[in-house]
Amino acid sequence: MPLKLLSGMMKASADEALLIMERDVGGDEIVLVTKEALLDIADPPLCNECRLQQYVTVFSDIASQKFDGRELTSDGRVAVTATDVSVWRGNHPDAA
């Protein structure tokens, strides 16, 4: 069951982002987007609200795929990491 993006925001510490995503059943999923994922998604490297909003669809697509594939952290959550971004970039070489 894919997740659907509701909202994305930077954490108050400004070193990570959170996506609020809706499940088909059972409430919402809070997805962590790591600082490294934000920095690695595009050049120049930025970890801010602008970069998050620019690529929020990409991050939410990655999160939904990880959720569907049960690729969860040890605490049962979804996290989008720099490794995930590298895989995405490899599959989308024309993306800026």
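Look up a bit, the structure's there.
Notes on the structure follow. (Residues numbered from 1 in each chain as written. Predicted model: local features only at pLDDT ≥ 70, side-chain atom pairs only at ≥ 80, totals over all residues. Heavy atoms only, no water.)

## Concerning the overall build of the chain
Part 1 of the argument: Assigned secondary structure in the chain consists of four helices and four strands.
Part 2 of the argument: For the chain, the N- to C-terminal ordering of α and β elements is β-β-β-α-α-α-β-α.
Part 3 of the argument: Overall, the chain is about 40 × 30 × 25 Å in size when its C-alpha atoms are taken along their principal axes.
Part 4 of the argument: In the chain, buried positions account for 36% of the 96 residues.
Part 5 of the argument: Partitioning the contacts of the chain with sequence separation of at least 6, the portion at a separation of at least 24 is 43%.
Part 6 of the argument: When the 9 basic and 16 acidic side-chain charges of the chain are each reduced to a single mean position, those positions are 3 Å apart. (Helix = DSSP H or I, 4+ residues; strand = E, 2+ residues; numbered from the N terminus. Buried < 20%, exposed > 50% of the residue type's maximum accessible area, 1.4 Å probe, protein only. Contact = heavy atoms within 4.5 Å. Lys, Arg positive; Asp, Glu negative; His and termini not counted. Charge placed at Lys NZ, Arg CZ, Asp CG, Glu CD.)

## Re the sheet that holds strand 3 (residues 28–33)
Part 1 of the argument: Taken in spatial order, the four strands of this open sheet run 1-2-3-4, and their pairing is mixed. A strand with exactly one partner marks an edge of an open sheet, and here the two such strands are strand 1 (4–10) and strand 4 (78–80). Going from strand to strand, the sheet's axes swing by 25 degrees on average, the running direction of each strand aside.
Part 2 of the argument: Where strand 2 (residues 17–22) lies against strand 3, six bridges are found, and the strand directions are antiparallel. The residue bridging L18 from the neighbouring strand is L32, located in strand 3.
Part 3 of the argument: Where helix 3 (residues 56–68) meets the sheet, its contacts fall on strand 1, strand 2, strand 3 and strand 4, and the angle it forms with strand 4 comes to roughly 140 degrees. (Pairing = 2+ DSSP bridges. Axes fitted to C-alpha atoms, helices over the stretch in contact; angles between N-to-C directions.)

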